[in-house]
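Close look at the chain arrangement
In case you want the letters, here they are:
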Amino acid sequence: MSLLSDLINFNLSDSTEKIIAEYIWVGGSGMDLRSKARTLPGPVSDPSKLPKWNYDGSSTNQAPGKDSEVILYPQAIFKDPFRRGNNILVICDVYTPAGEPLPTNKRHNAAKIFSHPDVVAEVPWYGIEQEYTLLQKDINWPLGWPIGGFPGPQGPYYCGIGADKAYGRDIVDAHYKACLYAGINISGINGEVMPGQWEFQVGPSVGISAGDEIWAARYILERITEIAGVVVSFDPKPIPGDWNGAGAHTNYSTKSMREDGGYEIIKKAIEKLGLRHKEHIAAYGEGNERRLTGRHETADINTFSWGVADRGSSIRVGRDTEKDGKGYFEDRRPASNMDPYIVTSMIAETTILWKA
């Protein structure tokens, strides 16, 4: 008699050409990921060869009940680390039946910006540091923390090891390997300053692919925590008080910045970002004012600043970039719950297209 685990781990390619495609999209809150699966006749590697699909938008707060059909447009394909074989994960964006992007479809506008000839010519690279907090199910309290109580103060947990410092490493490592299997350009992981908080990095990724890869990595993380019976939180300040918040620091460079003389281009780009500080803050995630207080390695939300190797500034430039006269910079303002399509495209728009 087969066990459930045997059936889950079936290798379909031994018996059929058919594959399973898991269609993934962002729901009505802008942070809730949704997905459903369909059978396809054979392997697919090009998203334009995938069929569009639909779902009940009234159940995701994206359409009224009287006109509830929302259309899924496949945009990016990743290998499925859960079903494996030729099965795939499909990142989609969402449209009305008439082809109009829904308000929650932030990819559509980002794709317009990234397809602008001036942006294409600059080949924008992104490296996104996605922080998150693992919570005990049902009580919404960080993993490893005593129920109703607190661990020792911050200090030993950042990149820490040991059962009294690192909580949830099995989840983190499973996620790391699953992302590599999927084809996501995940570049590293580390334990964060607050216990129970972790970070993974995606990049360098070019243009719109940075957003696709972050959403796919978030989806895989949610699925792994579902299996583990743990909740993942992207709240920018999950625990009030003397605890670090969670951000999504976004490292950025253009072709001009990576070439000789690029440091001057970087300084001009930072100046433009300062002029549009309020607009960027408004788009950088909900609840960010609880995180950007000027404490815990953040700049105050109302003040724009930049500095070399300064983790208390809005924009940080690395020592190597200053020394080499070219490279990249880090926008430290985005919250952990930011939409990567908005943040990446807005940085490109401000630094490349916007005329100050």
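Residues numbered from 1 in each chain as written. Predicted model: local features only at pLDDT ≥ 70, side-chain atom pairs only at ≥ 80, totals over all residues. Heavy atoms only, no water.

Quick word on the domain arrangement of the protein chain
Much of the literature gives interface size as the accessible area that the parts lose upon coming together. Just so we agree on the cut-off: Marked domain ranges trace back to an automatic or database domain assignment. Computed with a 1.4 Å rolling probe, the buried area is the accessible surface lost when two parts are put together, summed over both parts. Definition used for salt bridges: Asp or Glu carboxyl oxygen within 4 Å of a side-chain nitrogen of Lys or Arg. Any N or O atom pair separated by 3.5 Å or less is treated as a polar contact, with the protein-specific requirement of one donor-capable and one acceptor-capable atom, and with residues adjacent in sequence counted only for side-chain atom pairs. Under the scheme used here, helices are H or I runs from DSSP no shorter than 4 residues and strands are E runs no shorter than 2 residues, and both carry numbers assigned from the N terminus. For this classification, Asp, Glu, Lys and Arg are treated as charged, while Ala, Val, Leu, Ile, Met, Phe, Trp, Tyr, Cys and Pro are nonpolar and the rest, including Gly, are polar.
As assigned here, the protein chain comprises domain 1 (4-104) and domain 2 (117-353). Inter-centroid distance (C-alpha atoms) of domain 1 to domain 2 is 27 Å. Across the domain 1 to domain 2 interface the summed buried area is about 1600 Å²; carbon plus sulfur atoms make up 76%. Of all residues in domain 1, M31, F78 and F82 bury the most surface against domain 2, accounting for 40% of the area lost on that side. Where domain 1 touches domain 2, the interface holds 0 salt bridges. Linking domain 1 with domain 2 are 2 residue pairs in polar contact (both at pLDDT 80 or more). Looking at the side of domain 1 that touches domain 2, the elements with two or more residues in it are strand 1 (19-26), strand 2 (33-40), strand 4 (69-79) and strand 5 (88-95). For the side of domain 1 that touches domain 2, the class distribution of residues is 10 nonpolar, 3 polar and 4 charged.

Quick look at the packing of aromatic side chains
Convention followed: Side-chain rings of Phe, Tyr and Trp, where Trp is taken by its six-membered ring, are said to pair if the distance between their centres is within 6.5 Å; with planes under 30 degrees apart they count as stacked, over 60 as edge-to-face, and otherwise as tilted. Any residue under 20% of the maximum accessible area for its type is buried, any over 50% is exposed, and the rest in between are partly exposed; the area is computed with a 1.4 Å probe on protein chains only. Definition used: whenever NZ (Lys) or CZ (Arg) falls within 6 Å of the ring centre and also within 35 degrees of the ring normal, the charge is taken to sit over that ring.
Taken as a whole, this structure holds 12 aromatic pairs when the rule is applied. Both rings, one in F114 and one in Y126, keep their centres 5.9 Å apart while their planes meet at 85°; by these two values the pair is edge-to-face. Pair noted here: F114 is in helix 2 (residues 107-114) and Y126 is in strand 6 (residues 125-136), with a separation of 12 residues, a long-range link. Summarising the burial analysis for this pair, F114 and Y126 share the class buried. Ring centres 5.5 Å apart and planes at 75° place the aromatic pair W141 and F150 in the edge-to-face group. By way of ring pairs, the aromatic residues F114, Y126, Y252 and F329 are connected into one cluster. Seen from the ring of W53, R38 lies directly overhead, with NZ or CZ sitting 4.8 Å from the centre. Taking the ring centre of F82 as reference, the NZ or CZ of R223 above it sits at 4.1 Å.

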